[in-house]
Amino acid sequence: MSRKEAEYAFENGIASLKRGQADEAMHWFNKALDIDGAYTKALQQRAFLHFIAGECVLALQDCNSAIEIDKNDPWSYLHRAMVHSRLKQFGATASDCTQAIALLPSLAVAYTERGSAYCELRKFREAIADFTRAQEINPKDSVNYICRAVAYDEIGKYRDAIKDFAKAIELNPDDPMGYFSRALAYHKIDDLENAIADYDRVLSMEPNFGDAIQNRSIAEGQLKQQKASLRRAKPATKAGAAVGALAAEEAKGGKVYDFFTRLEIGPAE
């Protein structure tokens, strides 16, 4: 059989994938590789199918085979990086993404994947640099703004996180998690009115979103306490009040419940 027949089988596999027919796609990719075992694109796609089926060992084998055949194909390294990430081998994920980027510097998803691995490795500044580069390559992808916002949040840069969540919302206004994530960031700096507004937006989209219901209720209680405290406080100069509020809001950041780390909210201090 010829390479042309292998390509025909491969194209049928891609068509099956586009129709959502994973089993049919696997049949065609297997057929392509039966004809030509060195067909790297078929190995990559079969690795992807193994990956989404949770068969990481098989996916890794196909990725390794593809790399052995062609060490200069960035997509094989990217596919393997995704498998390593699923296996929680984040150092290996970052290494594979670095290799993919070296071969194809414009591969935005490789920066995103490496940035996510850096977050898992607690290397947040490196992650921010990668998400920024991914945004430069593909400015319309909201995922990179969400990811960078989460990294900013981790190092206490809540205002930068809010800006990125806002951009993600602009690009994908129908995603309730964008509003919920921004609400959390507002909540962490005690900007309770904006937090409540974002929780309301989440609940207008998903009325049964339990964490938003809980957080909104807590934010309302904190806002009442905040207003009562202001009424009892002695008058202060506008400049002094502004400086004090800015210092306090950053200091309180870690006190607020976080959906991702499952920390509990306490009353505002």
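Predicted model, so just to flag it, every value in this text is computed and none were measured.

Asks: Whenever I open this one, the pattern of salt bridges confuses me. Can you help?
Replies: Side chains carrying opposite charge are able to pair once their charged atoms draw close together. The tally for this structure, following the rule as stated, stands at 12 salt bridges. For the salt bridge of Asp62 with Arg46, the shortest nitrogen-to-oxygen distance reads 2.8 Å. A residue pair is termed long-range when its members are at least 10 positions apart, and Asp62 in helix 4 (residues 56-69) and Arg46 in helix 3 (residues 40-52) qualify at 16 residues. Pair check on accessibility: Asp62 and Arg46 agree, each one buried. Here Arg216 ties to Asp200 by a salt bridge, and the two come within 2.2 Å at their closest N and O atoms. On the criterion of sequence distance, the pair formed by Arg216 in helix 13 (residues 210-232) and Asp200 in helix 12 (residues 192-205) is long-range, its members being 16 residues apart. Note on Asp200: relative accessible area 33%, which makes it partly exposed. Each member of the salt-bridge network shares a partner with another, and the members are Asp200, Arg216 and Glu220.

Asks: Explanation requested: the nonpolar core in the structure shown.
Replies: The nonpolar side chains of soluble globular proteins are, as a tendency, buried together. With 35 residues, the main nonpolar core has Phe180, Tyr199 and Ala212 as its most contacted residues. Where this core is concerned, the elements lending two or more residues are helix 6 (90-103), helix 7 (108-120), helix 8 (124-137), helix 9 (142-154), helix 10 (158-171), helix 11 (176-188), helix 12 and helix 13. One finds Ala6, Ala9, Phe10 and Trp28 within the second-largest nonpolar core, a separate group that totals 15 residues.

Asks: It is not clear to me how helix 12 should be interpreted in this structure. Could you clarify?
Replies: For an α-helix, 3.6 residues make a turn, and residues three or four places apart therefore share a direction. Along its 14 residues, helix 12 runs 20 Å from first to last C-alpha, staying within 8% of the 20 Å computed at 1.5 Å per residue. What helix 12 keeps buried is the set Leu192, Ala195, Ile196, Asp198, Tyr199, Val202 and Leu203. End-on, the buried residues of helix 12 take up no more than an arc of 165 degrees, which puts them together on one face. Exposed side of helix 12, more than 90 degrees from the buried face: Glu193 and Ser204 are the residues found there.

Asks: Help me understand helix 10 in this model?
Replies: The terminal C-alpha atoms of helix 10 lie 20 Å apart, and with 14 residues this matches the ideal 20 Å at 1.5 Å per residue to within 8%. Within the sequence span of helix 10, burial applies to Tyr158, Ala161, Ile162, Asp164, Phe165, Ala168 and Ile169. Down the axis of helix 10, the buried set is contained in an arc of 165 degrees. They therefore lie on one face. Residues Lys163 and Glu170 are exposed on helix 10 and point more than 90 degrees away from its buried face.

Asks: I'm lost on the side chain of Ser16 in this one. Help?
Replies: Following the sequence through the fold, Ser16 ends up in helix 1 (residues 3-18). For Ser16, a relative accessible area of 0% corresponds to the buried category.

Asks: Even after reading the chapter, I still don't get the packing of aromatic side chains, so can you show me in this structure?
Replies: Where two aromatic rings form a pair, the distance of their centres and the angle of their planes describe that pair. Summed over the entire model, instances satisfying the criterion amount to five aromatic pairs. Pairing Phe10 with Tyr39 gives two aromatic rings, centres 5.2 Å apart and planes at 40 degrees, and the pair type is tilted. With a gap of 29 residues between them, Phe10 in helix 1 and Tyr39 in the loop between helix 2 (22-35) and helix 3 connect regions that are remote in the sequence. Take Phe10: its relative accessible area is 11%, and that puts it in the buried class.

Asks: Would you explain the packing of helix 11 against helix 13 in this entry?
Replies: Each packed pair of helices is defined by two parameters, the angle between the axes and the distance between the axes. Contact geometry of helix 11 with helix 13 gives a least axis separation of 12 Å together with a crossing angle of 25 degrees. With respect to helix 13, the element helix 11 is oriented roughly parallel. Considering only the axes of helix 11 and helix 13, their crossing is left-handed. Only Asp211, Ala212, Asn215, Ile218, Ala219 and Gln222 of helix 13 make contact with helix 11, whose side of the interface consists of Phe180, Leu184 and His187. Considering only residue class, the contact of helix 11 with helix 13 consists of five nonpolar, three polar and one charged.

Asks: Help me understand the side chain of Asp73, please; the structure alone is not making it clear to me.
Replies: Counting through the fold element by element, Asp73 comes out in the loop between helix 4 and helix 5 (74-86). Buried and unpaired, Asp73 has no salt bridge, with Lys41 as the nearest side chain of opposite charge at 7.4 Å. Once residues lying within four places of it in the same chain are set aside, the contact partners of Asp73 are Thr40, Gln44 and Leu103.

Asks: Help me out: how do you make sense of the confidence of the model for the protein chain in this one?
Replies: Predicted coordinates in regions of low pLDDT should not be interpreted in detail. Residues at a pLDDT of 70 or more form 86% of the protein chain, whose mean pLDDT is 89. Segment residues 243-269: pLDDT under 50, and 51 contacts once partners within four positions in sequence are set aside and those in other chains are kept.

Cut-offs applied
- Residues numbered from 1 in each chain as written.
- Predicted model: local features only at pLDDT ≥ 70, side-chain atom pairs only at ≥ 80, totals over all residues.
- Heavy atoms only, no water.
- Salt bridge = Lys/Arg side-chain N within 4 Å of Asp/Glu carboxyl O.
- Helix = DSSP H or I, 4+ residues; strand = E, 2+ residues; numbered from the N terminus.
- Buried < 20%, exposed > 50% of the residue type's maximum accessible area, 1.4 Å probe, protein only.
- Core = buried A, V, L, I, M, F, W, Y, C linked by side-chain atoms within 4.5 Å.
- Expected span 1.5 Å × (residues − 1).
- Arc of directions from axis to C-beta.
- Phe/Tyr/Trp six-rings, centres within 6.5 Å; stacked < 30°, edge-to-face > 60°.
- Axes fitted to C-alpha atoms, helices over the stretch in contact; angles between N-to-C directions.
- Parallel < 35°, antiparallel > 145°, perpendicular 65-115°, else oblique.
- Left-handed = near helix turned anticlockwise from the far one by under 90°.
- Contact = heavy atoms within 4.5 Å.
- Nonpolar A, V, L, I, M, F, W, Y, C, P; charged D, E, K, R; others polar.
- Lys, Arg positive; Asp, Glu negative; His and termini not counted.
- pLDDT = per-residue confidence, 0-100.

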